[in-house]
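The chain contents come next:
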Amino acid sequence: MRIRAVLSRRSFLAAAGVAACAPLAEPVPDEAVGLDALAAAKGLRFGAALQPRHFADAAYVAVVRRETGVIVGENAQKWHVIARDAAPNYAEADALAGFAAVNGLRLRGHALLWYLHVPTWWEQLGDRAAAERAMLAHLERTVSRYRGRIASWDVVNEAIEPADGRNDGLRRAVFLDRFGDGYLQRAFAAARNADPTCQLVYNDYGFEYATRWHERRRRALLDLLARFRRDGTPIDAVGLQSHLVAGQAFDAALWRRFLAEIAAMNYRIVVTELDVTDAALPADIAARDAGVADEYRRFLDATLDEPAVEAVLTWGLTDRWSWLRSPAATPQAIRRDGAAARPLPFDDALRRKPAWSAIARAFAAAPARPRA
């Protein structure tokens, strides 16, 4: 596979003979403008994960309207929410779709199949054929319901896990155990049949850092994407969750090469769940916010150099409702001092943080591209 050469903005300036001691002039964003407008100026999109129960907060809704152009359900569109019982209930997903329509926002779907969140009644189906029919019926019914309203669907979420020891790098979990690896192709084919125009996305995590664990996951993902291309699996884009961890070893050149390999297979790239765990940062709020902002900056500076990247979504907008403050947070994300996590662009009072400025500056500095 030929990897396209990617030259960063900073590399180009250095190659052109800019003195190493001269600081680069960082674009200063207009703070009256929201993040999606700044992204749009470079052909990008910005958005965030939302929960419909927060739509009653008028101040929050005002921030969503100003800052985002794309929204996605944090939980509302997942199978275990839609089908807690065998009879589906789309109330939460419909509320999200209605909010997007009323406010002129693009809507993403997340996630049709995720091994961690399947309905209890489905897990209890003893017959393999009946379980597959129910799975595909959910997928086809849900994609068809939002045909023309959801622009991009995460069809399968988190299907790789090299630590499970399979040669193909796939995760040993409920869908693979029941149906074998063919479930992936069947799921994407069913989604394509239900909505021929929707962008179909494979979404996963754990690729960003220069560690052996991340490298194994990068290789497993690239191998899976190559198999998808060989098999004709109808996938349009790769979702990179990008739950960042301040203090990890990030190699910008390595990351650019990885993105270039994905792009060389003719996949688009979406950053789907961006936030920053601050557990390793100081307790001091100013120092912590600066560290979180720096993590956003170095990641986005490298990521947005890749022309195949078309959108960046944070997993929430305000620290107040971040999953990193919830019982769902991983143990590694919990601060030893007990302080509340501050992973997102807005604080509890919906004030912009240094993280917002870092994202804004990254958009302002990004190379322009046609907007997808």
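Residues numbered from 1 in each chain as written. Predicted model: local features only at pLDDT ≥ 70, side-chain atom pairs only at ≥ 80, totals over all residues. Heavy atoms only, no water.

Colleague: Hey, could you go over the environment of G104 for me, with residue numbers and the actual values?
Modeller: Among the secondary structure elements, G104 is positioned in the loop between α5 (91-103) and β3 (106-109). With 34 residues separating them along the chain, G104 and V70 place their C-alpha atoms 9.1 Å apart. (Helix = DSSP H or I, 4+ residues; strand = E, 2+ residues; numbered from the N terminus.)

Colleague: Tell me about the packing of aromatic side chains, and name the residues and values.
Modeller: Summed over all chains, the structure comprises 17 aromatic pairs. Each ring, one from Y209 and one from F250, has its centre 6.3 Å from the other, and the planes form 80°; the classification is edge-to-face. Here F250 lies in the loop between β8 (243-245) and α11 (252-264) and Y209 lies in the loop between β6 (199-204) and α10 (212-231), a separation of 41 residues in the sequence. Residue Y209 shares its accessibility class with F250, and that shared class is buried. (Phe/Tyr/Trp six-rings, centres within 6.5 Å; stacked < 30°, edge-to-face > 60°. Buried < 20%, exposed > 50% of the residue type's maximum accessible area, 1.4 Å probe, protein only.)

Colleague: Outline the layout of surface pockets, listing residues and values.
Modeller: Estimated volume of the largest pocket: approximately 950 Å³. Q241, H243, W323, A328 and T330 are the residues nearest the centre of the largest pocket, which is lined by 36 residues in total. Of all the elements in the fold, those that place two or more residues in the lining of the largest pocket are α10, β8 and β9 (268-277). Tallied by class, the residues present in the lining of the largest pocket amount to 15 nonpolar, 15 polar and six charged. (1 Å grid on protein atoms, 1.4 Å probe; cavity = no way out; pocket = protein on both sides within 12 Å on 5 of 7 lines; lining within 4 Å. Points joined across faces, edges and corners; volume = space filled by probe spheres on them. Nonpolar A, V, L, I, M, F, W, Y, C, P; charged D, E, K, R; others polar.)

Colleague: Go over the packing of helix α12 (residues 285-303) against helix α13 (residues 354-365), please, and point to the residues and values.
Modeller: At a minimum axis separation of 8 Å, α12 and α13 run at an interaxial angle of 15°. By the angle class used here, α12 and α13 are roughly parallel. Relative to α13, the crossing made by α12 is right-handed. On the side of α12, the interface is formed by D289, V292, A293, Y296, R297, L300 and D301, while α13 contributes P354, A355, A358, I359 and A362. Of the residues that constitute the contact of α12 with α13, the class distribution is nine nonpolar, no polar and three charged. (Axes fitted to C-alpha atoms, helices over the stretch in contact; angles between N-to-C directions. Parallel < 35°, antiparallel > 145°, perpendicular 65-115°, else oblique. Left-handed = near helix turned anticlockwise from the far one by under 90°. Contact = heavy atoms within 4.5 Å.)

Colleague: So, the pattern of salt bridges: which residues are in play, and what are the values?
Modeller: Scanning the model with the defined rule gives 29 salt bridges in all. Residue E161 is joined to R171 by a salt bridge in which the shortest nitrogen-to-oxygen separation is 3.8 Å. Within this pair, whereas E161 is found in the loop between β5 (152-157) and α8 (174-179), its partner R171 is found in the loop between β5 and α8, the two being separated by ten residues in sequence. A salt bridge links R219 to D223, with the shortest nitrogen-to-oxygen separation between them at 3.9 Å. One end of the pair, R219, and the other, D223, are both in helix α10, four residues apart, so they sit about a helical turn from each other. (Salt bridge = Lys/Arg side-chain N within 4 Å of Asp/Glu carboxyl O.)

Colleague: Outline the side chain of R218, listing residues and values.
Modeller: Mapped onto the elements, R218 comes out in helix α10. The exposure class assigned to R218 is buried, which follows from its relative accessible area of 4%. Leave out the neighbours within four places in its chain, and R218 touches F207, E208, Y209, A210, T211, L254 and F258.

Colleague: Please provide a residue-by-residue account of helix α9 (residues 182-194), values included.
Modeller: Owing to its 3.6 residues per turn, the α-helix brings residues three or four apart onto one side. For α9, which comprises 13 residues, the first-to-last C-alpha distance of 19 Å matches the rise-based estimate of 18 Å (1.5 Å per residue) to within 8%. For α9, the set of buried residues is Y183, L184, A187, F188, A190, A191 and A194. Each buried residue of α9 sits inside an arc of 160° when the element is viewed along its axis, so together they form one side. For α9, the secondary structure elements touched by its buried residues are β4 (113-114), α7 (128-145), β5, α8, β6 and α10. (Expected span 1.5 Å × (residues − 1). Arc of directions from axis to C-beta.)

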